[in-house]
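Architecture and fold: a report
These are the residues of each chain, in order.
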Amino acid sequence: MNMEQLSSIVAAIDDFVWGPVMLILLVGTGIYLTVRLKFLPQRNLYYALHSVLSKEARTTKRGDGDVSPFAALMTALAATIGTGNIVGVATAMFAGGPGALVWMWISAFFGLTSKFAECMLAIKYREVNEQGEMSGGPMYTMKNGLKNKTFGKVLGFMFALFTVIASFGIGNMTQANSISGSIQQTFGVSKTTIGIVLTILTLVIVLGGISAISRISSVVVPAMAVFYVICAVIVIVGNIANIPHGLYLILTMAFNPKAVGGGVMGVITVTVMNSIRFGVARGVFSNEAGLGSAAITAAAATTDDPVRQAYINETGTFFDTIVICTLTGVTIAASGVLGTCGPDGLPLQGIQITMAAFATVLGSFGSYIVSIGIILFAFSTILGWEYHGEKGWEYLFNSHKYNIIYRVIFSIVVYFGCTQSLDLVWNFSDIANALMAIPNLITMLLLSNVIVAEVNRFQPTLEAEVKSWKKK
């Protein structure tokens, strides 16, 4: 079997695992838990956002943990806010039409519950390792929370293994490749030079562990998000006259693409099923709700109650998809570039669409903004995923002693990501990323009674806190 045949087989498996069955399982679990929780994660979003923005979220005064609640959220967001917010949205809108954005919103709505549930369980069942650090995530939930201990350990091993594999691929090499490609194209720096610098920078940061990663994330993530949001708003305002038509296309093509009429979207021809498939898939890929990755970081938070921190962490899905992905989508829809062709006569795809959309108002400067956005977003993803992978590695070896080996290997892999072609790696790690979701979703469904009991227990406390806020 040659590499081309192997790539075809892996690509076919990738298409299958991210196909309708997986998407139905992901969104279906979110819907089931949302109904069982009587929409409380959505109804309490005000409480969650208020908690994130409070001064207390930046302290470690309440409860036990390694980092502040805000730092834990920012580290989780560092791993989720990435190329999916820039390139992924454009890809979804090209393959599924502008209506794909609506299905991203719908998946994110129920994804709030999935993110809340997996994070709450991770904190409830976390452990303290030999070094006095918190170790948690779906693998510990499986080991400590499920009644059948053998089954729990098997699921935990599977999840940890898939997390480590995904961390090297989708959380490392593919992100590094995006960075080197953007810098080379925009600034003309060689990929080898970029690889060396990025490897050293990654190693210096990750050697400091979760404390160093969270400190960097707490600065870089809010800064890059605000920068990108401001630039996107400028482009949207610059195309303000096209906003009504752009929103019309988004809302209409989500449910009835034929109503728009032929030729309106240029080279794009879509169906409702395509819109659903690519909208949900890219939405899940962007915010990772249901995959279990964010729960690993949530377990490091300093908190006195797992439900309190879970509300803080659910806002990651809100910021990632409802805010940043929406801004990218509306920018593209209002710009009129979707469905057009480039100078080579080929349809604009992926990052080309986003760059062209920003260029409609900001000119060539728009390309620099998108490139800088990808560089910062992708690098923060590398840092966030290092922590995810490290905790998976620690679980597999049942000790933190070998974490230094993982950190060094992870940093070296960054170099290969910058300098190599990654089609096979992308598909293989994409499969591992999807396979993380299966044991995680099974666990959430099996522990749904625990999730409901915990949420109902905390609700009176939550309502009392909201009342006290309103009195101030």
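Now for a look at the structure at hand. (Residues numbered from 1 in each chain as written. Predicted model: local features only at pLDDT ≥ 70, side-chain atom pairs only at ≥ 80, totals over all residues. Heavy atoms only, no water.)

1. A closer look at the packing of helix H7 (residues 100-124) against helix H20 (residues 448-471)
What counts, and what does not: Inter-axis angles, ranging from 0 to 180 degrees, are taken between N-to-C directions of lines fitted to C-alpha atoms, where helices are fitted over the stretch in contact. What counts as a helix is a DSSP run of H or I of at least four residues, what counts as a strand is a run of E of at least two, and both are numbered from the N terminus. In this scheme, roughly parallel covers angles under 35 degrees and roughly antiparallel covers those over 145, while 65 to 115 is roughly perpendicular and the rest are oblique. Should any heavy atoms of two residues lie within 4.5 Å, those residues are counted as being in contact. Charged means Asp, Glu, Lys or Arg here, nonpolar means Ala, Val, Leu, Ile, Met, Phe, Trp, Tyr, Cys or Pro, and polar covers whatever is left, Gly included.
It is the contact of H7 with H20, at a shortest axis distance of 11 Å, that shows an interaxial angle of 85°. With respect to each other, H7 and H20 are oriented roughly perpendicular. When H7 is examined against H20, the residues Phe-116, Ala-117, Met-120, Leu-121 and Lys-124 are found in contact with a partner set consisting of Val-450, Ile-451, Glu-454 and Val-455. Residues of the contact of H7 with H20, tallied by class, amount to 7 nonpolar, no polar and 2 charged.

2. A word on the environment of Ala-78
When you line up the elements, Ala-78 lands in helix H5 (residues 69-80). For the pair Ala-78 and Gly-384, spaced 306 residues apart in sequence, the C-alpha to C-alpha distance is 5.3 Å. Ignoring any residue separated from it by four or fewer positions in sequence, one finds Ala-78 in contact with Ser-217, Val-221, Phe-377, Ser-380 and Thr-381.

3. Description of helix H16 (residues 351-362)
In plain terms, the rule: Take the residue count of a helix, subtract one, and multiply by 1.5 Å to get its expected span. Buried, partly exposed and exposed residues are distinguished by accessible area as a fraction of the type maximum, computed with a 1.4 Å probe on protein chains only: under 20%, between the cut-offs, and over 50%, respectively.
For H16, spanning 12 residues, the distance from its first C-alpha to its last is 16 Å, which sits close to the expected 16 Å at 1.5 Å a residue. Within H16 the residues assigned to the buried category are Ile-353, Thr-354, Met-355, Ala-357 and Phe-358. Elements in contact with the buried residues of H16: helix H6 (83-96), helix H11 (209-238), helix H15 (306-335) and helix H17 (364-397). Downstream of H16 by a residue or two, Gly-363 has a phi angle that is positive, lying close to 65°.

4. Quick notes on empty space enclosed by the protein
Under the convention used in this document: The method works on a 1 Å grid over the protein atoms by themselves. A cavity is a set of points holding a 1.4 Å probe that cannot get out, a pocket is an open set with protein on both sides within 12 Å along at least five of seven lines, and residues with an atom within 4 Å of a point line them. Grid points are joined across faces, edges and corners, and a volume is the space filled by probe spheres set on the points.
Applying the stated criterion across every chain, the model contains 4 cavities of 30 Å³ or more. Within this model, the largest cavity holds a volume of roughly 100 Å³. Lining the largest cavity we find 13 residues, and of these Ala-79, Thr-80, Gln-175, Phe-285 and Glu-288 sit closest to its centre. Put simply, the parts of the chain that give the lining of the largest cavity at least two residues each are H5, H6, helix H9 (149-187), helix H13 (272-287) and H17. In the lining of the largest cavity, the residues fall into 4 nonpolar, 8 polar and 1 charged. Every residue along the wall of the second largest cavity is listed here: Leu-26, Val-27, Gly-30, Ser-107, Phe-110, Gly-111, Ser-114, Val-284, Asn-287 and Ala-289.

5. Points about unusual backbone geometry
Although it is not a glycine, Lys-38 sits at a positive phi angle of roughly 55°. Phi angles above zero are rare outside glycine, and Phe-39 is one such case at about 60°. Its place among the elements puts Phe-39 in the loop between helix H2 (20-36) and helix H3 (40-43). Judged by its relative accessible area of 34%, Phe-39 falls in the partly exposed class.

6. Re the nonpolar core
We count it as follows: We call a set of buried residues a nonpolar core when its members are Ala, Val, Leu, Ile, Met, Phe, Trp, Tyr or Cys and they connect through side-chain atoms within 4.5 Å of each other.
In terms of nonpolar packing, the biggest core is built from 138 residues, with Trp-18, Ile-179 and Tyr-311 touching the most fellow members. The element contributing the most residues to this core is H17, with 13 residues. Setting aside residues up to four positions removed in sequence, Ile-179 forms contacts with Ile-194, Leu-198, Ile-375, Ala-378, Phe-379 and Ile-382.

7. Quick look at the environment of Thr-29
Inspection of the secondary structure puts Thr-29 in helix H2. A residue is classified by how much of its surface remains accessible, and Thr-29, at 3% relative accessible area, is buried. Put simply, Thr-29 and Phe-358 are 329 residues apart on the chain and 36 Å apart in space, counted from C-alpha to C-alpha. Among all residues touching Thr-29, those that are not within four sequence positions of it are Ile-24, Leu-441, Met-444 and Leu-445.

8. A look at the packing of H5 against H11
Interaxial distance between H5 and H11 falls to 8 Å at its minimum, and their mutual angle equals 75°. By the angle between their axes, H5 is roughly perpendicular relative to H11. Where H5 approaches H11, its residues Phe-70, Ala-71, Met-74, Thr-75, Leu-77 and Ala-78 are matched on the opposing element by Ile-210, Ile-213, Ser-214, Ser-217, Ser-218, Val-221 and Pro-222. Grouping the constituent residues of the contact of H5 with H11 by class yields 9 nonpolar, 4 polar and no charged.

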